[in-house]
Amino acid sequence: LFFTYYWVAKRGQPLETMPPLVLGGAPVSQAELDYQETQKKLALARVAEERGDFALAENLYRQAIELRPKGLLARYHLALLMDRLHRDADALAAYEHLIAGHPKSRSSTQEDPRVLARLGDLRAKFGRTEDAKKAYKLAIHHAEEMQGRPRPTPRSEELNVLRACAHLAAARRLYSGDPQVLVHCEIAFKEDPFNWLVRFYRARAFRAAGRPLDYRNELFAAELLVPKGETAVADELRSSFLSSKGAKVVLKPNGEVEVTIIDPLPKKQGGGR
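From a predicted model like this one, the values you see are computed outputs, not experimental measurements. (Residues numbered from 1 in each chain as written. Predicted model: local features only at pLDDT ≥ 70, side-chain atom pairs only at ≥ 80, totals over all residues. Heavy atoms only, no water.)

**Things to note about the overall build of the protein**
Item 1. The helix and strand tally for the protein stands at 12 helices and 2 strands.
Item 2. Along the protein, helices (α) and strands (β) appear in the sequence α-α-α-α-α-α-α-α-α-α-α-α-β-β when read from the amino end.
Item 3. Counting the 273 residues in the protein, one finds 42% classified as buried. (Helix = DSSP H or I, 4+ residues; strand = E, 2+ residues; numbered from the N terminus. Buried < 20%, exposed > 50% of the residue type's maximum accessible area, 1.4 Å probe, protein only.)

Here it is as structure tokens:
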């Protein structure tokens, strides 16, 4: 229903005058009318946001929340909008309301590592360190299982380590070509540059961004850092199209990797002894 209204609004046609949609000739309940009206406001808000009218978009999102306080989609988009506008206090309040909604019936939005990682960032920014750690831990807990690779595992309870793993969980939620993958990986790298899984996903993001040299260097770093026992991952790294053969690799104290290509020894000329 949302997409129907969205494309109508996108074409500039008025939604306000559209009659309620009736299915099967049954009478439309007030709850159904409120739902349809909410979807209209969400569609109009998205179009307004795309056109840069952020004040109108915010007003429509808030109207949608008033109509259906238990609905999560309007709260989600309001939180993203407040974040986009760098209104941190409003963004934090919106994320908190989103996460708190329907405690007995959790939704995928409330368990999205991207939402939880950002919630942790905002809590930390406002000095709520322990609450930030809780949000980061939830993001890590809800990280998707990925074949052949473990969940992000924090090596300590330090805030920066938890933040790195939370943003890694957020990166894994996205497809490799999404520019936001590199954003999350850069945050994770800044917080914990010696996390091999961070380096591995950072390498994939560099490859998707068309940065082959950075991709190669990150693979070198990931291979150096991969722990014993993770043989499947180590084998995957070694079988990548660029390997560390013929190179001297040094991992600096700040986590950056220095690669020196070693030229192979020249072959002997001629067949004499």
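**Some thoughts on the layout of surface pockets**
Item 1. For the largest pocket, the calculated volume is near 560 Å³.
Item 2. Lining the largest pocket are 19 residues, with Leu-80, Asp-83, Tyr-95, Gln-180 and His-184 sitting closest to its centre.
Item 3. Elements that contribute at least two residues to the lining of the largest pocket include exactly helix H2 (30-50), helix H4 (73-84), helix H6 (113-125) and helix H9 (179-191).
Item 4. By residue number, the principal contributor to the lining of the largest pocket is H4, which donates 5 residues.
Item 5. Among the residues forming the lining of the largest pocket, the class breakdown is 7 nonpolar, 4 polar and 8 charged. (1 Å grid on protein atoms, 1.4 Å probe; cavity = no way out; pocket = protein on both sides within 12 Å on 5 of 7 lines; lining within 4 Å. Points joined across faces, edges and corners; volume = space filled by probe spheres on them. Nonpolar A, V, L, I, M, F, W, Y, C, P; charged D, E, K, R; others polar.)

**Here's the deal with the pattern of salt bridges**
Item 1. Applying the stated criterion across every chain, the model contains 22 salt bridges.
Item 2. Residue Glu-58 is joined to Arg-87 by a salt bridge in which the shortest nitrogen-to-oxygen separation is 2.8 Å. A residue pair is termed long-range when its members are at least 10 positions apart, and Glu-58 in helix H3 (residues 54-67) and Arg-87 in the loop between H4 and helix H5 (88-100) qualify at 29 residues.
Item 3. With a shortest N-O distance of 3.1 Å, Glu-218 and Arg-202 are connected by a salt bridge. One end of the pair, Glu-218, is in helix H11 (residues 212-225); the other, Arg-202, is in helix H10 (residues 196-208), with 16 residues separating them in the sequence. (Salt bridge = Lys/Arg side-chain N within 4 Å of Asp/Glu carboxyl O.)

**Details of the packing of helix H7 (residues 129-141) against helix H8 (residues 159-172)**
Item 1. At their nearest, the axes of H7 and H8 sit 8 Å apart, and the two run at 35° to each other. Both H7 and H8 take part in a crossing whose hand is left-handed. Of H8, the residues touching H7 (which contributes Thr-129, Ala-132, Lys-133, Tyr-136, Lys-137, Ala-139 and Ile-140) are Leu-159, Leu-162, Arg-163, Cys-165, Ala-166 and Ala-169.
Item 2. When grouped by side-chain class, the residues that make up the contact of H7 with H8 number 9 nonpolar, 1 polar and 3 charged. (Axes fitted to C-alpha atoms, helices over the stretch in contact; angles between N-to-C directions. Left-handed = near helix turned anticlockwise from the far one by under 90°. Contact = heavy atoms within 4.5 Å.)

**Remarks on the nonpolar core**
Item 1. Among the nonpolar cores identified, the biggest contains 34 residues, and Tyr-61, Tyr-95, Val-115 and Leu-119 are the most heavily contacted of them.
Item 2. Where this core is concerned, the elements lending two or more residues are H2, H3, H4, H5, H6, H7 and H8.
Item 3. With near-sequence residues (within four places) excluded, Tyr-61 lies in contact with Leu-42, Ala-45, Arg-46, Glu-49, Ala-74, His-77, Leu-78 and Leu-81.
Item 4. Counting residues in hydrophobic clusters, the runner-up holds 22 residues, among them Leu-168, Tyr-201, Ala-203 and Val-226. (Core = buried A, V, L, I, M, F, W, Y, C linked by side-chain atoms within 4.5 Å.)

**Thoughts on the packing of aromatic side chains**
Item 1. Per the counting criterion, the structure on display carries 1 aromatic pair.
Item 2. On the basis of an interplanar angle of 85° and a centroid distance of 5.5 Å, the ring pair of Phe-200 and Tyr-201 is categorised as edge-to-face.
Item 3. In this structure, Arg-202 packs its charged tip against the face of Phe-189, placed 3.8 Å from the ring centre. (Phe/Tyr/Trp six-rings, centres within 6.5 Å; stacked < 30°, edge-to-face > 60°. Lys NZ or Arg CZ within 6 Å of the ring centre and 35° of its normal.)

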